[in-house]
Structure formats: C-alpha cells, structure tokens
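Notes for the structure review
Residues per chain are reported as follows:
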Amino acid sequence: MKIRKATSKDLVLIQKMEGRIFNNPWSNKSIRNELKRDRNSLNLVAEMDQKIIGYFFAHLLDNEIHILNIAIDVTYQHQGYGKQFFKEILENYLQYGDVYLEVKQSNFPAINLYLNFGFEEIDIREAYYADGEDAVIMVKREKTYGLVS
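Here the structure is a predicted model, which means the values were calculated and not measured. (Residues numbered from 1 in each chain as written. Predicted model: local features only at pLDDT ≥ 70, side-chain atom pairs only at ≥ 80, totals over all residues. Heavy atoms only, no water.)

A short note on the environment of alanine 110
Note on placement: alanine 110 falls in helix α4 (residues 108-116). Remark: the alpha-carbon pair of alanine 110 and aspartate 38, spanning 72 residues in sequence, is separated by 28 Å. (Helix = DSSP H or I, 4+ residues; strand = E, 2+ residues; numbered from the N terminus.)

Let's talk about the nonpolar core
In terms of nonpolar packing, the biggest core is built from 27 residues, with Phe56, Leu94, Val103, Tyr114, Phe119 and Met138 touching the most fellow members. Residue assignment for this core shows that the elements contributing at least two residues are β2 (41-48), β3 (51-61), β4 (64-72), α3 (81-92), β5 (98-104), α4 and β7 (135-140). Among the elements that make up this core, the one with the highest residue count is α3 (five residues). In this structure phenylalanine 119 touches Phe86, Leu90, Val99, Leu101, Tyr114, Met138, Val139 and Lys140, once residues within four positions along its chain are discounted. Grouped together as the second largest cluster of nonpolar side chains are eleven residues, Leu11, Ile14, Leu35 and Ala71 included. (Core = buried A, V, L, I, M, F, W, Y, C linked by side-chain atoms within 4.5 Å. Buried < 20%, exposed > 50% of the residue type's maximum accessible area, 1.4 Å probe, protein only. Contact = heavy atoms within 4.5 Å.)

Some points on the sheet that holds strand β1 (residues 2-5)
With mixed pairing, the seven strands of this open sheet are ordered in space as β1-β2-β3-β4-β5-β7-β6. Only two strands of the sheet have a single neighbouring strand rather than two, namely β1 and β6 (120-125). Strand after strand, the sheet turns through a mean of 25° between neighbouring axes, direction not considered. With four bridges joining them, β1 and β2 adopt antiparallel strand pairing. If you follow arginine 4 over to β2, its bridge partner there is valine 45. Here helix α1 (residues 11-21) sits on the sheet in contact with β2, β3 and β4, set at roughly 95° to β3. Across the face of the sheet, helix α2 (residues 28-36) comes into contact with β2, β3 and β4 while running at roughly 70° to β3. (Pairing = 2+ DSSP bridges. Axes fitted to C-alpha atoms, helices over the stretch in contact; angles between N-to-C directions.)

Brief notes about the pattern of salt bridges
Scanning all chains against the criterion turns up eight salt bridges. A salt bridge links arginine 4 to glutamate 47, with the shortest nitrogen-to-oxygen separation between them at 2.9 Å. Of the two residues, arginine 4 is situated in strand β1 and glutamate 47 in strand β2; the sequence distance between them amounts to 43 residues. Among the residues examined, arginine 4 registers a relative accessible area of 21% and is labelled partly exposed. (Salt bridge = Lys/Arg side-chain N within 4 Å of Asp/Glu carboxyl O.)

Topic: α1
An α-helical segment advances 3.6 residues per turn. Residues three or four places apart therefore align on the same side. Buried within α1 we find Leu11, Ile14, Gln15, Met17 and Glu18. Down the axis, α1 shows its buried residues gathered within 165° of arc, on one side only. Buried-residue contacts for α1 involve α2, β2, β3 and β4. (Arc of directions from axis to C-beta.)

Remarks on the side chain of asparagine 69
You can see asparagine 69 is positioned in strand β4. A polar contact of 3.1 Å, which involves the side chain of asparagine 69, links it to the side chain of glutamate 18. Residue contacts for asparagine 69: discarding those within four places in its chain leaves Glu18, Phe22, Trp26, Tyr55, Phe56 and Phe57. (Polar contact = N/O pair within 3.5 Å; in protein donor to acceptor, adjacent residues only side chain to side chain.)

Shown next as structure tokens:
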C-alpha cells in the first residue's frame, strides 16, 4: 500500500467511493473544499497497484488533530487494509498531538479498531449524524501522564 497526499485530481474517485460506502455521503462541494484546503489539513489517499482504495481527511490545530473522515472502498474492506492504512497514518503523520474523532455509536467494528489503536471514549454527541444517530467522541492522547497514588 502506498500513501500519498490527496489532490483535486482525486475528487471524482473519492466522491464515487464516498457514495458507495456511506448512507449519507459528503457532498462533492465538501470533498472539493477539503482537497483545496492547504493550511492545517491532512488529506491522504491509499493506493494499491496505482488504484485509490481509501482516503483520509483531518484538520491540524496546534497540538490537536481532528479526523474528519477515513474510508476504505467496499471491495477492499474486511481484509486488513483499513487497519494498515490507519496504522501508517498514526505512525507517520499524527504522532505529535492528541487525535480526536467521532464515530457512529452503532459502528462497533470502527470503535473496536480505534480502541485497539489506543483511543478512548470521552463523550457522546447526541443526534450528531444526519440520520439522528449519536456519535461517540474518541481521543488518542499524545502523552500518557502517570497517576499519583
């Protein structure tokens, strides 16, 4: 798997993938705006055999990273590619800050993946998604501080 920065040339492929994966996909305009954004953003794609199989969008704010979207195309899901993609992103791009994300409360595979990468559940955003479902807010802290006994 090769990871590279996403560009505006990837818009159509990302939009089609988004539509295959999600019931309430991001609009073409939203994806285009993220791809145009230069400051404080990290937009990546995962490629295999020169074909885009996944994408990742995040905003970088001081010592915080906010993951907006991560996805692996339907035909590549449940084969370890999402785990590999996320692992490489965490190790190579997101090691210098606290990483936050929201995930649908019913998305147990994703929640378990994030827990296995050291994320913790910190709160709930009620009716966060367009379908009214709650979001679990999760964080992976840059540093773990010891407890005083």
